[in-house]
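Structural description and commentary
These are the residues of each chain, in order.
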Amino acid sequence: MGCCGSTERTKREWKPLEDRSCTDLPWFLLFTVFCVGMGSICGFTIATGGAGRLVFGYDSYGNTCGQRNEQIEGVRLSGLDQTDKKYVFFLDPCNIDIVERKIKSMALCVSLCPDEELKTYQDLKRFAMHNGSELCSYELAGHKYPGLPERFDKCPKLPVPPSKSLPVFNRCTPVDISCYAKFAEAVVMFVSDNSVLHRLIGGVMASKEIIVGLCLLALVLSMILMVIIRYISAVLVWILTAMVVLGSLAGTSILWWMYIDHVLLVYAIAATVFTVILLLLMLFMRKRVALTIALFHVAGKVFIHLPLLTLQPFCTFLALLLFWMYWGLVLLFLGTTGNPVQNEETGLTEFRLTGPLQYMTWYHAVGLIWISEFILACQQMTVAGAVVTYYYTRDKTRLPVTPILSSVLRLMRYHLGTVAKGSFIITLVKIPRLFLMYVHNQLKGKENACARCMLKTCICCLWCLEKCLNYLNQNAYAATAINSTSFCTSARDAFVILVENALRVAAINAVGDFVLFLGKILIVTSTAFAGVLLLNYQRDYAEWVLPLIIVCLFAFLVAHCFLSIFEIVVDVLFLCFAIDTKYNDGTPGKEFYMDKALMVIYVKIWYTGGILLKWEIKCVSILDKNINATCKVLVPCFMS
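Residues numbered from 1 in each chain as written. Predicted model: local features only at pLDDT ≥ 70, side-chain atom pairs only at ≥ 80, totals over all residues. Heavy atoms only, no water.

Looking at an unreviewed UniProt entry, one finds the protein chain named Choline transporter-like protein, with Salmo trutta as its source organism. Checking UniProt for the protein chain, the heading Sequence similarities (unreviewed entry) contains the comment "Belongs to the CTL (choline transporter-like) family." Its UniProt record gives the protein chain a comment under Function (unreviewed entry), which states: "Choline transporter." (UniProt positions renumbered as here; feature names shortened; annotations may be inferred.)

1. Quick look at the overall build of the protein chain
Tallying secondary structure elements over the protein chain gives 18 helices and 8 strands in all. Among the 640 residues that make up the protein chain, the fraction classed as buried is 45%. Across the protein chain, every contact between residues at least 6 apart in sequence was considered, and the portion connecting residues at least 24 apart equals 69%. For the protein chain, the accessible surface area stands at approximately 33,300 Å², while carbon and sulfur atoms represent 68% of it. (Helix = DSSP H or I, 4+ residues; strand = E, 2+ residues; numbered from the N terminus. Buried < 20%, exposed > 50% of the residue type's maximum accessible area, 1.4 Å probe, protein only. Contact = heavy atoms within 4.5 Å. Areas by Shrake-Rupley, 256 points an atom, 1.4 Å probe, with all protein chains shown as cover.)

2. Looking at unusual backbone geometry
The peptide bond linking Leu158 to Pro159 adopts the cis configuration, its omega dihedral lying at -10°. Within the chain, Asp24 stands out as a residue other than glycine whose phi angle is a positive 55°. On the secondary structure map, Asp24 appears in the segment before α1 (25–47). Exposure remark for Asp24: the relative accessible area of 11% places this residue in the buried category. Of note in this structure, Ser484 is not a glycine but carries a positive phi near 60°. For Ser484, the location among the structural elements is in the loop between α12 (449–483) and α13 (487–500).

Encoded structure:
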């Protein structure tokens, strides 16, 4: 990783971007070992034949189709040469329980899947004679099918539905969907009773060009909103404030008016107390709301200077998608890996992991959570590193050519251990929450009210803890990007800064989150409105309601991904601002780094109590020249 280790500074100093050293190297090594273990599981499944059995399929005697097989001790008809028999055929293809992952039907390797319905044993004989594909058990001769007494147990259940082989996995799959009624009864009834599903699918296919266009529209709107939100944030914030205040006053007035005729004194008093507290909070927090608006304004500038930040959701989603595909494929490999075991219920041979090997599935499950959180944490660290570079570069014309790429390289060279440690902490909280959710689902309807309440309480508490840790981790990554300190040191420093600015943090999170929520609603409604206009030519409502739902869901997902990046930028900017104001005062050697928009807010709040003096008229022009010179002039002016 470019270095072997680092020594933590004994004295805490904030020296943004001045020096770099490896952080949490042992955790990087631990994560590397863990990933090697994940890769070893994949290698084990391939080496032991699990991957081959998944792709090529195997019969009920443990023979892999399409290749020579070795004899399995104690299993008759194993060790056959199935080179010419490449397809898996189930004697009772409709008796497959996908929900419970149980195959109750005997499986054979055949050379050809039946492409037409076979109604009698004579048809089975004719198919075997003409095509050389015997559909009964291996010990039965094809030309004797009609007269054999074993035909009822070792031949396919009649009638044999026509089937086709899957493109990659070589399983003979019945063409008729009604065959799957045992595990898809609700779907089959829905399809057979009416044609709504067919019409909905037809509407999607007919409108696929419009759907793609609307999805691109949602994407463009999300990217534009991230830039212009700095101009509309003030309007949204003050409209929100006015609505909350007016709603509270109106509700309180109505309760007092109703008290004249009804006994509502308690509610009226409670509403009055709430309204008074709310008005005091609004009065007290107005300065911090102004800070939130300024942070949104600067965040918009960040995206103008660093437009490639908008690509971060794509990169993260692609990385997660590739990993999830790999994880799912290895999980399927694990399902066909292990020792051959005879199922006592069906008498069929299955492959199961036994002994210590069965813990590989749990290891693989933990890997899904930890590596997914690691990828998300890498995004947070990358964005934080780019924003920190922007904030602590006084002359924005001297920003690195590719600050995001520089942030990625710093992350890979120095801070992967920090990201691994932070994501592991989230994993430790998420695993018990998921386990409790699993227990709750398994006991649904069986546990008493007290147990159900306790389970839900624990799940809720763990969820809240996870959200808090996510927020703290994000600020810890920002502190690491600023000062190149280890995760624990960065988390402690970030926590101290956040506690010292608790009211400002509360205002930014409350107001900022609501503004971003309104942004998501704006994108979804705009996309939905455009969809209604474009799909309106469809006469039947049922034909375009599903395309519109798909578009709205995609629009919300895209808006959430992009505005989440915007939220990270705002949080990192605030941490930088808080550190800047704590350790700098504008004097020589302690010049501010902040943007002029933040400087104006800082001077208003901290030096004038929110009221600009007459000196601002002659001093504020310096803002366009030198941000620190502004502070040097304004502060003496306001303090005099």
